[in-house]
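Coordinate analysis (summary)
What follows is each chain in one-letter form.
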Amino acid sequence: MSQINAYRRKFMATLGGVAVGGLASSVILRTVQAGDVPAKPADQPVSNQVRWGMLIDVNRLTDGGASMVEACKREHGWGNDPKARPEQQAQWMRTVKVTDKLTKYSFTLPVMCQHCEEPPCVDVCPTGASMKRADGIVQVNKHICIGCRYCMMACPYKARSFVHESLTDQRPHSPRGIGTVESCNLCVHRVDQGQLPACVEAAPNAVIFGDLNDPNSRISQAMKALGGSQIRADLSLNTGVRYLGL
Amino acid sequence: MPLLSHIKSLLGLVLLATLLVGCDAGVPEPNLAPAKAKAAQCVEPTADMRKNHMVYLDVHRDKTVIEGIRTNKHSLNECINCHVVPTREDGSAVHYTDEKKDHFCASCHTYVGVKLDCFQCHADRPQIVENINYQHKLSSNTYHLSAQSVQPDMNDLLWLSQSQTQGATQ
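Residues numbered from 1 in each chain as written. Chains lettered and ligands numbered in written order. Predicted model: local features only at pLDDT ≥ 70, side-chain atom pairs only at ≥ 80, totals over all residues. Heavy atoms only, no water.

1. Some words on the overall build of chain B
From N to C terminus, chain B includes six helices and zero strands. Going from the N terminus to the C terminus, chain B shows its helices and strands as α-α-α-α-α-α. Counting across all 170 residues of chain B, residues that qualify as buried make up 26%. Here the analysis covers contacts within chain B between residues at least 6 apart in sequence; of these, 45% occur between residues at least 24 apart. Accessible area of chain B: about 11800 Å², with a carbon and sulfur share of 62%. (Helix = DSSP H or I, 4+ residues; strand = E, 2+ residues; numbered from the N terminus. Buried < 20%, exposed > 50% of the residue type's maximum accessible area, 1.4 Å probe, protein only. Contact = heavy atoms within 4.5 Å. Areas by Shrake-Rupley, 256 points an atom, 1.4 Å probe, with all protein chains shown as cover.)

2. Notes on the layout of surface pockets
Residues and elements named next belong to chain B. Put simply, the second largest pocket is a space of about 890 Å³. Taken together, 37 residues line the second largest pocket, and the ones lying closest to its centre are Met 49, Arg 50, His 53, His 83 and Phe 104. The set of elements that each furnish at least two residues to the lining of the second largest pocket consists of α2 (33-37), α3 (46-67), α4 (76-83) and α5 (104-112). If you tally residues by element for the lining of the second largest pocket, the top one is α3, at seven residues. In the lining of the second largest pocket, the residues fall into 20 nonpolar, 10 polar and seven charged. (1 Å grid on protein atoms, 1.4 Å probe; cavity = no way out; pocket = protein on both sides within 12 Å on 5 of 7 lines; lining within 4 Å. Points joined across faces, edges and corners; volume = space filled by probe spheres on them. Nonpolar A, V, L, I, M, F, W, Y, C, P; charged D, E, K, R; others polar.)

3. As for the packing of aromatic side chains
The final tally for this structure, using the stated rule, is three aromatic pairs over all chains. For the ring pair A:Tyr105 and A:Phe107, a centre distance of 6.0 Å and an interplane angle of 45° mean the geometry is tilted. When the ring of B:Tyr96 is compared with that of B:Phe119, the centres are 5.3 Å apart and the planes differ by 50°; the resulting orientation is tilted. Taken together, the positions of B:Tyr96 in the loop between α4 and α5 and B:Phe119 in the loop between α5 and α6 (154-169) put the pair 23 residues apart, joining distant regions of the chain. In terms of burial, B:Tyr96 and B:Phe119 fall into one category: buried. The residue whose ring lies beneath A:Arg149 is A:Phe162, and the NZ or CZ to ring-centre distance is 3.8 Å. (Phe/Tyr/Trp six-rings, centres within 6.5 Å; stacked < 30°, edge-to-face > 60°. Lys NZ or Arg CZ within 6 Å of the ring centre and 35° of its normal.)

4. Regarding the interface of chain A and chain B
Between chain A and chain B, the contact holds 26 residues from the first and 19 residues from the second. Carbon and sulfur atoms supply 50% of the area buried between chain A and chain B, which totals about 2000 Å² over both sides. Three residues, A:His143, A:Asp169 and A:Pro172, lead the burial of chain A against chain B; their summed loss comes to 29% of the area buried on that side. For the interface between chain A and chain B, the tally reads two salt bridges. In this structure, A:Asp192 and B:Arg70 form a salt bridge, with 2.6 Å as the shortest nitrogen-oxygen distance. Counting the contacts that link chain A with chain B gives 11 residue pairs in polar contact (both at pLDDT 80 or more). In terms of residue class, the side of chain A that touches chain B is made up of nine nonpolar, 10 polar and seven charged. (Buried area = accessible area lost by both parts, 1.4 Å probe. Salt bridge = Lys/Arg side-chain N within 4 Å of Asp/Glu carboxyl O. Polar contact = N/O pair within 3.5 Å; in protein donor to acceptor, adjacent residues only side chain to side chain.)

5. As for a nonpolar patch on the surface
Taken together, the side chains of B:Val27, B:Tyr111, B:Val112 and B:Val114 present a nonpolar region at the surface, about 350 Å² in accessible area. In this fold, B:Val114 is placed in the loop between α5 and α6. (Patch = residues over 30% accessible without salt bridge, like charges linked within 9 Å, V, L, I, M, F, W, Y side chains within 5 Å.)

6. Side note on α5(B)
All names here are of chain B. Every buried residue of α5 is accounted for by Cys 105, Ala 106, Ser 107 and His 109. For α5, the secondary structure elements touched by its buried residues are α2 and α3. Two residues or fewer after α5 comes Gly 113, characterised by a positive phi angle close to 70°.

7. Things to note about the sheet that holds strand β9 (residues 241-244) of chain A
Residues and elements named next belong to chain A. One open sheet holds the three strands; their spatial order is β8-β1-β9, and the pairing between them is mixed. Here the strands that pair on one side only, and so sit at the sheet edges, are β8 (207-211) and β9. The average angle at which neighbouring strand axes cross in this sheet is 20°, direction not considered. Direction of pairing for strand β1 (residues 52-57) relative to β9: parallel, over a ladder of four bridges. (Pairing = 2+ DSSP bridges. Axes fitted to C-alpha atoms, helices over the stretch in contact; angles between N-to-C directions.)

8. Details of the pairing of strand β3 (residues 106-112) of chain A
All names here are of chain A. Of all seven residues that make up β3, five are buried, and the element is covered over most of its length. Summarising the sheet, strand β2 (residues 93-99) and β3 pair through seven bridges and their orientation is antiparallel. Directly across from Arg 94, in β3, lies its bridge partner Val 111. Between β2 and β3, which pair antiparallel in sequence order, lie six residues; one of them, Lys 104, sits at a positive phi of approximately 65°.

9. Focus on the side chain of A:Arg94
Residue and element names in this part refer to chain A. Within the fold, Arg 94 resides in strand β2. Here Arg 94 sits buried without a salt bridge, and the closest side chain of opposite charge, Glu 182, lies 13 Å off (N-O distance). There is a polar contact of 3.2 Å between the side chain of Arg 94 and the backbone oxygen of Tyr 157. Filtering out sequence-adjacent residues up to four positions away, Arg 94 remains in contact with Val 69, Leu 109, Pro 110, Val 111, Tyr 157 and Lys 158. (Lys, Arg positive; Asp, Glu negative; His and termini not counted.)

10. What about the side chain of A:Arg160?
Residue and element names in this part refer to chain A. Tracing the backbone through its elements, the reader meets Arg 160 in the loop between α4 (150-154) and β6 (161-162). Of the polar contacts made by the side chain of Arg 160, one reaches the side chain of Ser 183; its length is 3.2 Å. Ignoring anything within four residues of it in the chain, the contact list for Arg 160 reads Cys 121, Ser 130, Val 138, Gln 139, Val 140, Cys 151, Met 152, Val 181, Glu 182 and Ser 183.

11. Some remarks on the confidence of the model for chain B
Residues and elements named next belong to chain B. Confidence in the prediction of chain B, expressed as mean pLDDT, is 74, and 61% of residues score 70 or more. Mean pLDDT across the elements of chain B bottoms out in α6 (41) and peaks in α3 (94). The low-confidence segment residues 145-170, where pLDDT is below 50, has 16 contacts with residues more than four positions distant or belonging to other chains. (pLDDT = per-residue confidence, 0-100.)

12. Section: the nonpolar core
With 46 residues, the main nonpolar core has A:Met54, A:Ile56 and A:Phe209 as its most contacted residues. Secondary structure elements with two or more residues in this core: β1, α2 (66-76), β3, β5 (138-140), α5 (188-191), α6 (198-202), β8 and β9 of chain A. Top element by residues in this core is β3(A). It accounts for four residues. Ranked by size, the runner-up nonpolar core spans 10 residues in total, among them B:Leu57, B:Cys105, B:Ala106 and B:Leu116. (Core = buried A, V, L, I, M, F, W, Y, C linked by side-chain atoms within 4.5 Å.)

Quick look at the structure:
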């Protein structure tokens, strides 16, 4: 009986997914709106009243997220470290191609730090450098990172990278340097000033960014209507980055 | 005998003095020109800054990274924007590791032998390629570090003309 139930659930989920795909392309995703990120006064700390999140509609990404990755590279200056081998290069965000073995149906999605509510990287960090801000953004406080790379091991999304070499001329708003771990920080420097993350600006028709705690925000409305699946939902991490059309 | 010992100690003193003078001549002068250039315009008094700049920076960095407070006053980026010129007159980039020791922070830190860690991660010079007006404004058309005034932007002109007309009517 339980097997049958499991099968039914799976079937219904598939149906739901199809329905979501159809809806998403027609109804919700409009262009990025300025009101998604209200500007915070510079001298005020972030509050836990908001939780930043992102909803990515995979079907509406014409390039599978490649332009989002490029925008991230430009914003934070990673991906071109002069001495690193290709497999050593930092990778804050990457595109992953998924193919169904039976039907050969395939799609590509961008994967970066999922900004979990219960982040495993924060659990394992021996110094407290891997941290979650009050507004739900998970990031590395590089001032106290000792470069042990436990967080890289713990992250189920392979979202973190290690800098192996001395760097110069980093972006002033995005410090990165030898011996520290780094990852997507949801463009904290932009969000704190009321701007959207760089990757969201690069794919305005496919991505909604906003406050998950506010039931009236565009992202909450969209997720209420269409859902928003997590990658590895079985881990119960309650990710802040959600996908449509997986 | 006491006379001889006096002479001995005197000789010793003279020898020590000459040695000290010799050492003194050997110490290189620090290049304080970059540090003095902007001292009067700093956000804190010079003496306070000289002693406590790392306290200000440490407090601010924790507030910024952990709490998201991004004020300009004690921000390292603003220190760099004001005190470091991005390129020398010959067009070469100014870095804190350069032999010339003309980077604002390095000019003093190398002299006193205190290691600079900030710039392993942080940019050590302003980035002007994408942000030409990187220096913070002193008034409507003068920026830190620029002796010559730059072209005022449209908003400033509008504001100016408005205030002038108001003044005329009064």
